[in-house]
Amino acid sequence: MAQYETEAVVLGVRNWGEADKMLRLFSRDHGEITAAAFGARRPKSPLASGLQMFHTVELSLSAGDRVDTIRGCRLLRRFPHLESDLVAMAYASFIAEVLLELMPDGAPQPEIYDWLPAVFAACGPKNPRLVALAAGLQLLDFAGLGLSFDVCAVSGVQIVGDAFFSAAEGGALSPEAAAQIAGKRPYPESLRALLSTLAVIDWAAPPAFTAKRSDIEAGESLLVSYLQDTFGHGLRSLKFIRQMGA
């Protein structure tokens, strides 16, 4: 059984057996990894402290046919606010779920791996609701599924003022193009300004986040509908968000 080492972020954890964990990891060198950590729920296990949600860890693993096995773990980074702030935790869970759904198994994604810690660092100190919306839009771009926010997806003309939106058509629609399209959404200028800004945020120096509640809700509805249509199923993290009243 081949052994290897890699750096990874813990993006999914569930209990397995009497004292074990099953984890979904996102690594720099191997993309998504599913791995078992035997005995990790025992208090004296050397794996217990490191294998927690959102931790960045250095791992030693044995490769398996379907599931790898974690042999060793060293904690590199944690985000205390994602452990103490349940609302921030809920939105970080949304980001993790979307990333795992969009990224292909076993494919290295170093650009996304380097992007992720700065997003988690902002989720809490900045408005986690807006961080999650921005991260979701950027993950779509990483996956080649990005939407057009400022240019009509049908005609290619620059959008000015209020317009319409259809994810099925690829994004923003000018009033002229929208006249022939069913199922379009209203797309006010203020929502366009918000989504255009969030989609290109530099997480090394994120700006102050301010937005109207109605625009945040409209942006979330647009993003979630598009994601669920793309995945063909709902998102488990949304239940957690609703439980937090966020």
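Structure: see above.
A brief report on the enclosed structure follows. Small disclaimer: the values here were computed from a predicted structure and weren't measured. (Residues numbered from 1 in each chain as written. Predicted model: local features only at pLDDT ≥ 70, side-chain atom pairs only at ≥ 80, totals over all residues. Heavy atoms only, no water.)

1. A look at the packing of aromatic side chains
Scanning the model with the defined rule gives seven aromatic pairs in all. Centre to centre, the rings of Trp-16 and Phe-38 are 5.7 Å apart; their planes meet at 45 degrees, and the pair counts as tilted. Here Trp-16, found in strand 1 (residues 3–16), pairs with Phe-38, found in the loop between strand 3 (31–37) and strand 4 (56–62); they are 22 residues apart in sequence, far enough to count as distant. Among the residues examined, Trp-16 registers a relative accessible area of 34% and is labelled partly exposed. Plain terms: the ring middles of Phe-165 and Tyr-187 are 5.0 Å apart, the flat faces sit at 55 degrees to each other, and that makes the pair tilted. One end of the pair, Phe-165, is in strand 6 (residues 163–166); the other, Tyr-187, is in strand 8 (residues 185–187), and 22 residues separate them in sequence. In terms of burial, Phe-165 and Tyr-187 fall into one category: buried. By the ring-pair criterion, three or more aromatic residues cluster together here, those being Phe-54, Phe-79 and Phe-120. Sitting above the plane of the Phe-164 ring, Lys-184 keeps its charged end 5.8 Å from the centroid. (Phe/Tyr/Trp six-rings, centres within 6.5 Å; stacked < 30°, edge-to-face > 60°. Helix = DSSP H or I, 4+ residues; strand = E, 2+ residues; numbered from the N terminus. Buried < 20%, exposed > 50% of the residue type's maximum accessible area, 1.4 Å probe, protein only. Lys NZ or Arg CZ within 6 Å of the ring centre and 35° of its normal.)

2. A word on the sheet that holds strand 7 (residues 171–173)
Paired through backbone hydrogen bonds, the strands of a sheet run either parallel or antiparallel to each other. If you walk across this open sheet you meet the three strands as 7-6-8, and the pairing is antiparallel. In this open sheet, the two edge strands, each paired with only one partner strand, are strand 7 and strand 8. The mean inter-strand angle of the sheet, taken between neighbouring strand axes irrespective of direction, is 45 degrees. When strand 6 meets strand 7, the two strands line up antiparallel, connected through three bridges. Directly across from Ser-166, in strand 7, lies its bridge partner Gly-171. (Pairing = 2+ DSSP bridges. Axes fitted to C-alpha atoms, helices over the stretch in contact; angles between N-to-C directions.)

3. A short note on the packing of helix 4 (residues 128–142) against helix 7 (residues 213–231)
Following both chains from N to C, one finds helix 4 and helix 7 inclined at 40 degrees, their axes separated by 10 Å at the closest point. Considering how the two elements wind past one another, helix 4 and helix 7 form a crossing that is left-handed. Of the residues in helix 7, those touching helix 4 at Arg-129, Leu-130, Ala-132, Leu-133, Gly-136, Leu-137 and Leu-140 are Arg-213, Ile-216, Glu-217, Gly-219, Glu-220, Leu-223, Tyr-226 and Leu-227. (Left-handed = near helix turned anticlockwise from the far one by under 90°. Contact = heavy atoms within 4.5 Å.)

Function cannot be read off these values alone, since they describe shape.
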